[in-house]
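Now for the letters of each chain:
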Amino acid sequence: MVYRRLRADIAHGVYRPGPIRIRPIAQRFGVSATPVREALRRLEAEGLVTLRKNQIVINALSEAELRQIFAIRAELETFALRCGAETIANDDELLGTLEDLLDAMDRYETDPENWRPTNQQFHMTLYRAAENPRLESIIDSLMVAIEPYMRLYASTAPSFRAGQAQHRLIVGHLRAGRVDAASAVLREHLRATEETVAAGVSRTNAAENGEVDPA
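Everything in this summary refers to the structure shown in the same document. What you see is a predicted model; the values in this text were computed from it and never measured.

Quick look at the packing of aromatic side chains now. Taken as a whole and assessed by the stated rule, the structure comprises one aromatic pair. On the numbers, 3.8 Å between centres and 5° between planes, the contact of W115 with F160 is stacked. Here W115, found in helix α6 (residues 112-128), pairs with F160, found in the loop between α7 (133-156) and α8 (161-175); they are 45 residues apart in sequence, far enough to count as distant. F160 matches W115 in its accessibility class, with the two residues each being buried.

This is how it looks when you write it as structure tokens:
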């Protein structure tokens, strides 16, 4: 329970990058320090925190680290898509679920707080069709690592329409059995998201360092 709650809180920005203390977390959840330490060790293995000798730090990502995560995501997510493509193409109920999620995202065009988790649910529904829990878990951990930055993306993106067009293309290609085309669109979709998020991180880091944004 502590691990799941801490993981979600880090993703949602409840705990921001920087040092944290075990005792307040233990008091918040009504537990001893031991389960908090165990949860933090699991989060360290996922790259979300760093445990130092006398300090625990919520990790912040540099632009370079963010791009590394997107590079890994592109390989793993296109692999997962390929693995589950036949299952998706032959499952009308699953295709209907994907379409329903896309319709929900259309309704959330001006509501980034609801659009963002629905977008993640859409992607994970695609990858879950691969029926590979270990792969799904790795992809999920990478999404959690960049979730605070995706919140920035969702709150500053002028429109989600280009991304939505790509989502619909992916589903259309999968429905028609065009796996290579679906994979290519997904890869381009992740590349475009990476560029938008990286630009936001660069602006944020420049502002925090007192630098002037050239734009």
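Here the narrative resumes, following the displayed structure.
With that settled, consider the environment of R134. Relative to the helices and strands, R134 resides in helix α7. Taking the relative accessible area as the measure of exposure, R134 reaches 66% and is therefore exposed. For the pair formed by R134 and S62, sequence separation is 72 residues and the distance between their alpha carbons is 27 Å.

In this section: the nonpolar core. For soluble globular proteins, nonpolar side chains are generally found buried alongside one another. Of all hydrophobic cores here, the largest spans 32 residues; its most connected members are L6, L40, L43, L66 and I146. Going through the elements one at a time, α1 (2-11), α2 (22-29), α3 (33-45), β3 (56-58), α4 (63-89), α7 and α9 (179-208) are the ones with two or more residues in this core. Here this core takes six residues from α7, the largest share from any one element. Sequence-distant contacts of L40, defined by excluding residues within four places in its chain, comprise L6, I20, I22, V49, L51 and I56.

Let us look at the pattern of salt bridges. Considering all chains together, one arrives at 17 salt bridges under this definition. A salt bridge links D140 to R7; the shortest N-O distance between them is 2.9 Å. Here R7 lies in helix α1 and D140 lies in helix α7, a separation of 133 residues in the sequence. Taken together, the salt bridges that share partners define one network made up of E99, D103, D106, R168 and R175.

Moving on to α2. Buried residues of α2: I22, I25, A26 and F29, and no others. Along the long axis of α2, the arc covered by the buried residues comes to 100°, so they all point the same way. Turned more than 90 degrees away from the buried face of α2, the exposed residues are R23 and Q27. Summarising the contacts, the buried residues of α2 are in contact with α1, β1 (18-20), α3 and β3. In the stretch just after α2, G30 is the one whose phi turns positive, near 70°.

A positive phi angle, close to 55°, is found at E131, a residue other than glycine. Locating E131 in the fold gives a position in the loop between α6 and α7.

With that out of the way, let us pick up the sheet that holds β3. Taken together, the three strands give an open sheet; going across it, the order is β1-β3-β2, and neighbouring strands pair in antiparallel fashion. Two strands in the sheet have a free side with no partner beyond their single neighbour: β1 and β2 (49-51). Direction aside, the axes of adjacent strands within the sheet are offset by 30° on average. Across three bridges, β2 lies against β3 in antiparallel orientation. Looking at the pairing, L51 lines up with I56 of β3. Against the sheet, α3 contacts β1, β2 and β3, and its axis sits at roughly 115° relative to β2.

Mapped onto the fold, S32 is located in the loop between α2 and α3. We classify S32 as partly exposed; its relative accessible area is 43%. Through-space distance from the C-alpha of S32 to that of E136 is 31 Å; in sequence the pair is 104 residues apart.

Rules and cut-offs
- Residues numbered from 1 in each chain as written.
- Predicted model: local features only at pLDDT ≥ 70, side-chain atom pairs only at ≥ 80, totals over all residues.
- Heavy atoms only, no water.
- Phe/Tyr/Trp six-rings, centres within 6.5 Å; stacked < 30°, edge-to-face > 60°.
- Helix = DSSP H or I, 4+ residues; strand = E, 2+ residues; numbered from the N terminus.
- Buried < 20%, exposed > 50% of the residue type's maximum accessible area, 1.4 Å probe, protein only.
- Core = buried A, V, L, I, M, F, W, Y, C linked by side-chain atoms within 4.5 Å.
- Contact = heavy atoms within 4.5 Å.
- Salt bridge = Lys/Arg side-chain N within 4 Å of Asp/Glu carboxyl O.
- Arc of directions from axis to C-beta.
- Pairing = 2+ DSSP bridges.
- Axes fitted to C-alpha atoms, helices over the stretch in contact; angles between N-to-C directions.

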